[in-house]
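Report on the structure
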Amino acid sequence: MSASFHIQKTSLPHRDALLALDDEALLRQCRQETYRASGPGGQHRNKTDSAVRLSLFDGQILASCADHRSQHRNRVEALRRLRLTLALELRCALAEDLSTEVWTGSWALGRKDRRYAAFIAYVLDVLANHDWAVGIAAAGLGVSTGKLIRVLAQDPQTWNVVNQARKKIDLVNLRRP
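This write-up is about the structure you can find in this document. Predicted model, so just to flag it, every value in this text is computed and none were measured.

1. Examining the nonpolar core
- Of all hydrophobic cores here, the largest spans 29 residues; its most connected members are Trp107, Val123, Leu124, Leu127, Leu141, Leu148 and Leu152.
- Going through the elements one at a time, helix 3 (71–89), helix 4 (116–129), helix 5 (134–141), helix 6 (145–153) and helix 7 (156–168) are the ones with two or more residues in this core.
- Top element by residues in this core is helix 4. It accounts for 8 residues.
- Apart from residues lying up to four places away in sequence, Val123 is in contact with Trp107, Leu141, Leu148 and Leu152.
- Core analysis: the next-biggest nonpolar cluster, separate from the first, contains 20 residues, Leu56, Ala63, Ala87 and Leu90 among them.

2. Here we look at the pairing of strand 3 (residues 61–65)
- Here strand 3 shows a buried face lined by Ile61, Ala63 and Cys65 and an unburied face lined by Leu62 and Ser64.
- One ladder, built from 5 bridges, connects strand 2 (residues 51–56) with strand 3; its direction is antiparallel. When the bridges of strand 3 are listed, Arg53 appears paired with Ser64.
- With antiparallel pairing between neighbouring strands as the criterion, strand 2 and strand 3 make up a hairpin whose turn holds 4 residues, including Phe57 at a positive phi of roughly 55 degrees.

3. Concerning the pairing of strand 2
- Most of strand 2 sits out of view: 5 of its 6 residues are buried.
- In this structure, strand 1 (residues 31–35) lies alongside strand 2, joined through 5 bridges in antiparallel fashion. By the bridge assignment for strand 2, Arg31 is matched with Ser55.

4. Regarding the pattern of salt bridges
- Applying the stated criterion across every chain yields a total of 11 salt bridges.
- Where Asp16 meets Arg15, a salt bridge forms, and the shortest distance between an N and an O atom there is 2.9 Å.
- Among the residues examined, Arg15 registers a relative accessible area of 1% and is labelled buried.
- Here Asp67 and Arg81 are joined by a salt bridge, their closest N and O atoms 2.6 Å apart. Residue Asp67 is found in the loop between strand 3 and helix 3, and its partner Arg81 is found in helix 3; the two are separated by 14 residues along the sequence.
- Taken together, the shared-partner salt bridges in this structure form one network comprising Arg15, Asp16, Arg91 and Asp125.

5. Some words on the sheet that holds strand 2
- Spatial strand order, 1-2-3: 3 strands in an open sheet with antiparallel pairing. With partners counted over all chains shown, the strands left at the sheet margins are strand 1 and strand 3, one partner each. With strand direction ignored, the average angle separating the axes of adjacent strands in the sheet is 15 degrees.
- Relative to the sheet, helix 3 contacts strand 1, strand 2 and strand 3, its axis offset from that of strand 3 by approximately 150 degrees.

Calculation criteria
- Residues numbered from 1 in each chain as written.
- Predicted model: local features only at pLDDT ≥ 70, side-chain atom pairs only at ≥ 80, totals over all residues.
- Heavy atoms only, no water.
- Core = buried A, V, L, I, M, F, W, Y, C linked by side-chain atoms within 4.5 Å.
- Buried < 20%, exposed > 50% of the residue type's maximum accessible area, 1.4 Å probe, protein only.
- Helix = DSSP H or I, 4+ residues; strand = E, 2+ residues; numbered from the N terminus.
- Contact = heavy atoms within 4.5 Å.
- Pairing = 2+ DSSP bridges.
- Salt bridge = Lys/Arg side-chain N within 4 Å of Asp/Glu carboxyl O.
- Axes fitted to C-alpha atoms, helices over the stretch in contact; angles between N-to-C directions.

And the structure:
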């Protein structure tokens, strides 16, 4: 299981720097394991070590993939999952003046877009900075509350992280649009 951090510790590499790395550079930062996955798939599944597990920070952040018969495809998918896990688990403190840290990219990013994890990390950082109050965070982001909720609802993992954080401070769960 991965650990959850509220504010990133200074001894760890900065989350945004890790998210900005290309795939090869991020792989060099990880401990990589390959293994034979169990489960459905018949004899082809157990012939090769095609499943991939990546870990960062001595195993605190984990991502794995065993969905495909190809180790290469599993590695690519595990990297995508690792980026999203970094975005969901590590919170970074924002500057007092949010106008200096504005997301300048598109809000219409798909989950397969390489910038998606950095985008979600920024949105969650703003939400955490505003004590998970969606209306105030939306105003800080320069979007409507409805748009922010729709963006959060697109990804079940992000939706769960937001609702779990809100629950910890006795706020009601968000309702799906």
